[in-house]
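Remarks on the overall topology
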Amino acid sequence: MAIAREAEPVSSLREIREAGLDREDLFGIYRSMLLTRGVEERGHILYRQGKIPGSFYTGRGNEAGSVGVATAMGPDDVGCPLHRDMGVHITRGVEPWRIFAQYMGREDGPTRGRDGNVHMADSQLGLLAMVSHLPAMLPVAVGCALAFRIREEKRVALGWFGEGASARGDTHEGMNFAGVRRLPVVFICDNNQWAYSTPTHLEYGCETLADRAQAYGFEGVVVDGTDVLAVYREARRAIEKAREGGGPTLIESMTLRMEGHAVHDDAFYVPKELFEEWAKRDPIERFRTWLRANAEMTDEEEDEIGAGVKRTLNQSMEKADASPLPDPSTVTERVYASVEDLDTPHHK
Amino acid sequence: MAIAREAEPVSSLREIREAGLDREDLFGIYRSMLLTRGVEERGHILYRQGKIPGSFYTGRGNEAGSVGVATAMGPDDVGCPLHRDMGVHITRGVEPWRIFAQYMGREDGPTRGRDGNVHMADSQLGLLAMVSHLPAMLPVAVGCALAFRIREEKRVALGWFGEGASARGDTHEGMNFAGVRRLPVVFICDNNQWAYSTPTHLEYGCETLADRAQAYGFEGVVVDGTDVLAVYREARRAIEKAREGGGPTLIESMTLRMEGHAVHDDAFYVPKELFEEWAKRDPIERFRTWLRANAEMTDEEEDEIGAGVKRTLNQSMEKADASPLPDPSTVTERVYASVEDLDTPHHK
Amino acid sequence: MAELTYLQAISDGLRGEMRRDKRVFVIGEDVGVYGGAFKVTLGFQEEFGPWRVLDAPLAETAIVAGCTGAAIMGMRPVAEMQFADFISCGWDHLVTVAAKQFYRAGTPVPIVVRLPSGGGFSGGPFHSQNPESSFAHIPGIKIACPATPEDAKGLLISAIEDPNPVLYFEHKHLYRRIKAEVPEERYATPFGKARVHREGDDITLVTWGAMVYTSEEAAAQLDDDGVSVEILDLRTIVPWDREAVLESAKKTSKVMVLHEDTRTGGFGAEIAATIAEEAFEHLDAPVKRLAAPDTPVPFSPPLEKAFIPQVDDVVAGLRELAEY
Amino acid sequence: MAELTYLQAISDGLRGEMRRDKRVFVIGEDVGVYGGAFKVTLGFQEEFGPWRVLDAPLAETAIVAGCTGAAIMGMRPVAEMQFADFISCGWDHLVTVAAKQFYRAGTPVPIVVRLPSGGGFSGGPFHSQNPESSFAHIPGIKIACPATPEDAKGLLISAIEDPNPVLYFEHKHLYRRIKAEVPEERYATPFGKARVHREGDDITLVTWGAMVYTSEEAAAQLDDDGVSVEILDLRTIVPWDREAVLESAKKTSKVMVLHEDTRTGGFGAEIAATIAEEAFEHLDAPVKRLAAPDTPVPFSPPLEKAFIPQVDDVVAGLRELAEY
Ligand SMILES: Cc1ncc(C[n+]2csc(CCOP(=O)(O)OP(=O)(O)O)c2C)c(N)n1
Ligand SMILES: Cc1ncc(C[n+]2csc(CCOP(=O)(O)OP(=O)(O)O)c2C)c(N)n1
Ligand SMILES: [Mg+2]
Ligand SMILES: [Mg+2]
């Protein structure tokens, strides 16, 4: 008894043009997806080289989901992406060298070495830094939407969560409040079929998580999370609906976590065939093929984008490595904010 | 788009006989409902006399809901009733004098003066004492069901919650876990249309809360909470289904909180017409009429039950008043349990 | 100056800030039409409308997290817990998100959570607690515990101005029992400055909240013994006024720390340990801690009386110190 | 006796109890097929089946509340938090239900929550915390913090036997780093009895968890100064061994209290305040507290090193005390 709508794939250039993207935008999306994967692949190398302390997570398999949604956001919209959503940071314009600096605990990472991994955000770009506790930022996104509603601004907040984190009370309290007040917020469930080693049937008992939207009085939609254009179209619909006062939407973006939970995990518990099956639907390869078939991307264009990404990555790693480690004597600083610290783009 | 089933009223004696109740049982239910209301009305008097410290809550309007469900429980089933569920305590057999002693903070109340109001339970009768935090006992009931499932016992746990408390994460985490593991638990939502002064449209955004059951992969049903027999029938169905391995059910029992939130609250915010409308559906009067029409309850029988309840109440108040206040020198005792304290019916 | 109850002072302070600053809004269970369980926001929804005085669902995490998000977007949320006890349901969001977001990510979270706290009226284990000590251990959170109507207003204004998460504990037992002159104009009472509630030379008594009045009664009894007690009302416990406390301790050489919350791991331990460490050479007696025993708050009056420190307990403790 | 790592000792202790007592079951995120984030329950599901080794949904409240209900129904649940940090999501159920149910209603809640805690490997603000102090303030909860493999096993067995909610903090940094002989037979290490990790005459150092080893290294350096340091490993902080601490304090007259958690309101304050009050006349120097500074746990190695008390910090503190 599925209740939520199932989104169709995007099949033609015309269709996606209607949804607001021109050819340049499409190339931009492709570039962001490549960059997203590249940043994480390079991060992995840095990790193996011992340059990244702590643990290391990637979002391989979720590049379409994260980039697709972020592309649909307006400039003044805000979002709380999680640990599989590097594509959101990239698409919003965080410079890759700062991400590498973050990974390596350097002073120029967005958290200045205070936090690691993708626990970061650039407030200039409308993003809020995630905490580890999942999905604590979801009800925080609802709070952002509340501010927009109180001030009657036409802005939208986005809250991401994993299908595993859907089990937490935070998900429920946030969605319920958003539904009651019809707040301008869009919820994105990155459903990658695993929560660490836990399969979905041990996480939730309903058919699709998008069905839960009706429990809160709003719309749910399931989208193929390897189809960046379908994700974009659905996100855009939901965001514009929220902007116009139509209330929240829950988008469930289906993909597979294509690696272990983190770098230490070989995902032995995931059936090999599942990986093989989903490898065929690799979001980047899928979009590349689409671009060749539907947007007439040439060899040249493709190479240029690929080479540009490589260049950016190389330069970024170098630049990041030049960033200093934080000065230990500053460890006790900035625990409490002073009034001047309120002078951020968010707070204005 | 309602999803949950709507339960029909019970119309004939034959029907309720099939559901497992004979004439004596019906009189027993009637007596429990009278006693429930009587205990709370007397409590109110004691409160006005200054004999009850703190605040004072009643469940007027919910006598059918609480008694109906408790009647459907098996002797080894357990439950976590809340503040509108005095009828559960009464039906399970808690002696009224101990409830008055509890109200008055006396040594013979189930919490020995450590807690007040209906924050109590007799573990001998399969009940767990509620905490104030709503609905914290709901996931605890799920934990009881987990123990039954691990030990493969044919026992069922019941967890109550108000429609207001449905907004809390506890509700969600408990139901989700129960759904995933198909645990033998039945959830009862006492939907009395108000959470303190807050109306339902500010509490949840869906049509009926029973619809939420599908979000957890189990069945939901809405029942008229003023029809004790319908409540009984649905509770029994759900309990026996859970007992046979059929997993959880969510029953939403619709009524109106017929008084203020607590004794200090005159409920000015509830439209008068609403009270008038629901007064016509008073669960006790409704059942009395049914008994006269369908079970041929005679004047004599009715009077006898009424007089018996009155007698019990009078004796109970007297007995309770003879119970001593706790000895202040014991205040620091029994913060930690010793191994001997595990010797309760629950723990065996 | 008008004579206001403690409760009116809170209400006035909050209303004033809402009039002054459009970014300030209140959210909580039943704060709207009902005016809050204790009527602090009575009439607010009429004046400010339903989007600045929001009846929240029964969902403390949604409230605290919602305030966090709104604050980061430039608002100045003031949340009301119906009882301080229910903040346990918002604990995670306060300590995990609000307290750490600035240190980690440079994002200030200027929220205020109002917490009607304290016992003395048979509220039982879940309507009487003073959970300030648990939070005082968490870096990134500030904590105010006003004792007087004047401070109730001034500290609330400071709390709203503050760019950090502030827990504002308002003692329910003072709401209507304590009345005093409160300046009508706007003023902000600074955090971290103790108030000398009563000057004295022989013993320093450090406390906050409702215990200020218990202390006062006890100190009056000590006067009859010829022992003069100085009462310091901390006003805020994060930050707390170490300088004032240490100075007074050095002057009197004997100190009692008193709080209504339970003893073990209570904030009194922090204060006592600090004095014992930093005024070591000035002390003529061990720093004495007086607090509730380590139990839940019991409901029944004789038990509750045995639980909450009473004037007699304080008198006995002060006498012991005096005789040391 | 076999030589076991700290982690193996926990694992062995738990497996033994599960074999012995059918009521014991484990629940947590990824404890089943995966064997837990740190592999403490590796192979357990194969041995005990999926209903005694339960992979929980990502839902700490469901886990803690579920354990509470199951415990009241006669089971002996052992929950695993994936990291101690996530217990903030179960805070309410621990302090509101589990801690108070016996006092209020006479219903014991014999649950154990295992909490992989502590820093030292760039886990950052949410994978490094030592949240024991927050809970130590809550009456009704017991807290164990083993430092050695032997205690890891013996305290876990005591925790499971205990009829109360027990938080069992296992320090991640000790998991594979610390190895020692552990008796093969079953034994229960009693709560509330400190262990003399090292005898000494001049200074008492009270600590627990991973800081025992930091203390040890520091004490060795003090030997060179001719100062002999006695190290007391508390093993459990609720209850804590006041007698042993006071006795040692009276013997040495100088005390340092050291913990990895942050300073203000940390449990060190309770210990220091108690010593300062009850051994007042025996002290030749103020009780010195050493702890992490009042900040979240920073990620980057130089910052984390500045945060967690290091051997050098302890040495410096001890020297100060020695010279006092
Ligand atoms: C409240 C909380 N509990 C436990 C964890 C540890 N943890 C980190 S990621 C993870 C699995 C998350 O699964 P899901 O939400 O599906 O996100 P995914 O990692 O699959 O993208 C767990 C259990 C956490 N981060 N937060
Ligand atoms: C977590 C929590 N927050 C706030 C309260 C204060 N409170 C007590 S009853 C109540 C309303 C409950 O509404 P509902 O769940 O519908 O139950 P009802 O009282 O209507 O039966 C509130 C807000 C509480 N008990 N628990
Ligand atoms: Mg997942
Ligand atoms: Mg209600």
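Residues numbered from 1 in each chain as written. Chains lettered and ligands numbered in written order. Predicted model: local features only at pLDDT ≥ 70, side-chain atom pairs only at ≥ 80, totals over all residues. Heavy atoms only, no water.

Listed by partner, the interface residues are 33 residues for chain C and 38 residues for chain B. In total, chain C and chain B occlude about 2700 Å² of area from one another, counting both sides; carbon and sulfur atoms represent 69% of this. If you sort the residues of chain C by the area they bury against chain B, Tyr34(C), Leu58(C) and Phe299(C) come out on top, with a joint share of 25%. At the surface where chain C touches chain B, the tally comes to one salt bridge. The closest approach of N and O atoms between Arg168(B) and Glu60(C), which form a salt bridge, is 3.8 Å. Inspection of the chain C/chain B interface yields eight residue pairs in polar contact (both at pLDDT 80 or more). Ranked by the residues each element gives to the side of chain C that touches chain B, the list is headed by helix H11 (residues 301-307) of chain C, at five residues. (Contact = heavy atoms within 4.5 Å. Buried area = accessible area lost by both parts, 1.4 Å probe. Salt bridge = Lys/Arg side-chain N within 4 Å of Asp/Glu carboxyl O. Polar contact = N/O pair within 3.5 Å; in protein donor to acceptor, adjacent residues only side chain to side chain. Helix = DSSP H or I, 4+ residues; strand = E, 2+ residues; numbered from the N terminus.)

Moving on, we come to the site of ligand 2. Around ligand 2, the structure places 21 residues, and the nearest of them are His83(B), Arg84(B), Gly164(B), Trp194(B) and Glu60(C). Neighbouring residues of ligand 2 are not confined to one chain but are distributed across chains B and C. Within the side chain of Glu163(B), one N or O atom sits 3.0 Å away from an oxygen atom of ligand 2. Note that an oxygen atom of ligand 2 is positioned 2.9 Å from one of the side-chain N or O atoms of Asn192(B). (Near = heavy atom within 4 Å.)

So, on to the sheet that holds strand E11 (residues 229-233) of chain C. Backbone-to-backbone hydrogen bonds pair the strands of a sheet. The strands run either parallel or antiparallel. All names here are of chain C. An order of E9-E11-E10-E13-E14 is seen for the five strands of this open sheet, with the pairing classed as mixed. Two strands lie at the open edges of the sheet, namely strand E9 (195-198) and strand E14 (288-292), each paired on one side alone. On average, each strand axis in the sheet is inclined to that of its neighbour by 25°, with strand direction left out of account. (Pairing = 2+ DSSP bridges. Axes fitted to C-alpha atoms, helices over the stretch in contact; angles between N-to-C directions.)

A few words now on the coordination of the magnesium ion (ligand 3). In ideal tetrahedral geometry, four donors around a metal make angles of 109.5 degrees, whereas ideal octahedral geometry with six donors gives angles of 90 or 180 degrees. Residue and element names in this part refer to chain A. The coordination sphere of the magnesium ion (ligand 3) contains the protein donors Glu 163 (OE), Glu 163 (OE), Asn 192 (OD1) and Trp 194 (O), at a distance range of 2.0 to 2.6 Å. With six donor atoms in place around the magnesium ion (ligand 3) and angles of 52 to 170° between them, the coordination shape is irregular. One chain supplies every donor for the magnesium ion (ligand 3), spaced along it as E-x28-N-x1-W. Here Glu 163 is found in the loop between strand E3 (157-162) and helix H7 (169-181), whereas its partner Trp 194 is found in strand E5 (residues 194-195), with 31 residues between them in sequence. (Donors = N, O, S within 2.8 Å, 3.2 Å for Na, K, Ca; no water. Tetrahedral: all angles 85-135°; square planar, octahedral: opposite > 155°, others 65-115°.)

Our focus in this paragraph is the domain arrangement of chain C. Residues and elements named next belong to chain C. Each assigned domain of chain C is listed here: domain 1 (2-182) and domain 2 (195-323). Computed from C-alpha atoms alone, the centre-to-centre distance between domain 1 and domain 2 is 26 Å. If you look at the interface, domain 1 gives 27 residues, while domain 2 gives 25 residues. The junction of domain 1 with domain 2 conceals about 2000 Å² of combined surface from both sides, 57% of it contributed by carbon and sulfur atoms. Among the residues domain 1 hides against domain 2, the three largest losses belong to Ser 122, Ser 133 and Cys 145. Together they make up 23% of the total. Here domain 1 and domain 2 share two salt bridges between them. Among the salt bridges present, the one from Arg 195 reaches Asp 151, with a minimum N-O distance of 3.4 Å. Taken together, the links from domain 1 to domain 2 amount to 15 residue pairs in polar contact (both at pLDDT 80 or more). Looking at the side of domain 1 that touches domain 2, the elements with two or more residues in it are helix H6 (132-136), strand E6 (142-144) and helix H7 (149-161). In terms of residue class, the side of domain 1 that touches domain 2 is made up of 12 nonpolar, 12 polar and three charged. (Domains from an automatic or database assignment. Nonpolar A, V, L, I, M, F, W, Y, C, P; charged D, E, K, R; others polar.)

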